[in-house]
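These are the residues of each chain, in order.
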Amino acid sequence: MQTAAPALVVAAAIVDSLERPTRALCAQRSAPAELAGRWELPGGKVEPGESPEVALHRELAEELGVEVRLGARLLGPEAGDWPILARRTMRVWLAELTAGTPEPLADHSALRWVDSDALEDLDWLDPDRPIAVALREVTAKSMRG
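The rules behind the values
Residues numbered from 1 in each chain as written. Predicted model: local features only at pLDDT ≥ 70, side-chain atom pairs only at ≥ 80, totals over all residues. Heavy atoms only, no water. Helix = DSSP H or I, 4+ residues; strand = E, 2+ residues; numbered from the N terminus. Buried < 20%, exposed > 50% of the residue type's maximum accessible area, 1.4 Å probe, protein only. 1 Å grid on protein atoms, 1.4 Å probe; cavity = no way out; pocket = protein on both sides within 12 Å on 5 of 7 lines; lining within 4 Å. Points joined across faces, edges and corners; volume = space filled by probe spheres on them. Nonpolar A, V, L, I, M, F, W, Y, C, P; charged D, E, K, R; others polar. Contact = heavy atoms within 4.5 Å. Salt bridge = Lys/Arg side-chain N within 4 Å of Asp/Glu carboxyl O. Core = buried A, V, L, I, M, F, W, Y, C linked by side-chain atoms within 4.5 Å. Expected span 1.5 Å × (residues − 1). Arc of directions from axis to C-beta.

A.B. asks: Would you mind going over the environment of arginine 88 with me for this structure?
C.D. replies: In this structure, arginine 88 sits in strand β7 (residues 88-99). On the basis of relative accessible area, arginine 88 is assigned to the partly exposed category, the value being 32%.

A.B. asks: Which parts of the structure should I look at to understand the layout of surface pockets?
C.D. replies: In this approach the atoms are scanned with a rolling probe the size of a water molecule, which exposes any empty space left behind. When its volume is computed, the largest pocket comes out at roughly 470 Å³. Together, 21 residues line the largest pocket, and Val9, Arg29, Glu40, Ile84 and Arg88 are the ones closest to its centre. Classifying every residue of the lining of the largest pocket by side-chain character gives eleven nonpolar, two polar and eight charged.

A.B. asks: Before we go on, may I ask you to explain the environment of leucine 94 in this structure?
C.D. replies: Along the chain, leucine 94 falls in strand β7. In sequence terms leucine 94 and alanine 11 are 83 residues apart; their C-alpha atoms lie 8.8 Å from each other. In this structure, leucine 94 is in contact with Ala13, Val15, Leu18, Arg69, Leu70, Gly71, Ala72, Leu135 and Val138, ignoring residues within four places of it in sequence.

A.B. asks: I would appreciate a short explanation of the pattern of salt bridges in the present structure.
C.D. replies: With the rule as written, the count across this model stands at 14 salt bridges. Here arginine 69 ties to glutamate 19 by a salt bridge, and the two come within 3.5 Å at their closest N and O atoms. Of this pair, arginine 69 sits in strand β5 (residues 67-73) while glutamate 19 sits in the loop between β1 (7-15) and β2 (23-29), placing them 50 residues apart in sequence. With relative accessibility at 37%, the residue arginine 69 sits in the partly exposed group.

A.B. asks: Explanation requested: the nonpolar core in the structure shown.
C.D. replies: Across soluble globular proteins, nonpolar side chains have a tendency to be buried as a group. With 22 residues, the main nonpolar core has Leu41, Val92, Trp124 and Leu135 as its most contacted residues. Listing elements by their share of this core, those giving two or more residues are β1, β2, β7 and α2 (129-144). Among residues more than four places away in sequence, those in contact with leucine 41 are Ala11, Ala12, Ala13, Leu25, Val92, Trp124, Asp128, Ile131 and Leu135. Among the nonpolar cores identified, the runner-up in size contains twelve residues, and Val10, Leu25, Val68 and Ala95 belong to it.

A.B. asks: Looking at this structure, how should I read helix α1 (residues 52-64)?
C.D. replies: Here α1 contains 13 residues, and its C-alpha end-to-end distance of 18 Å stays within 8% of the 18 Å for a straight helix at 1.5 Å per residue. Along α1, the residues classified as buried are Pro52, Ala55, Leu56, Glu59, Leu60, Glu63 and Leu64. In an axial view of α1, the angular spread of the buried residues amounts to 130 degrees, which keeps them on one side of the axis. Two residues or fewer past α1, glycine 65 is found with a positive phi of approximately 70 degrees.

Shape is all these values report; function is a separate question.
Here it is as structure tokens:
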């Protein structure tokens, strides 16, 4: 018997510049209660029949009121994706704002631009901690390069 593939969630590591990222836009959860106050990258579930990229653009418009240009993926350990809770994996892209001013419209109480060296100081959702480490490494490498 074949087991179903994990459900896919998408997220954006919105950075100040795709070419030389030095900081990232982080989102503080407002709900559900057990996650409120903790930090994550914005994004959400891929709906049936929707491509991951289309889902990410939709989620960012709904949650933050922005449009972005997607860059490279921030590759995780499971076929390029990141394991998260409840048999889900998350696919993460670097992204740069192209339209709109980010506002916490849905699911978030605050947004914060965080310098690369301070990313790990936030109280991240547990599954997002290794993603924050990988993001710090990418932005730190850009700053050295």
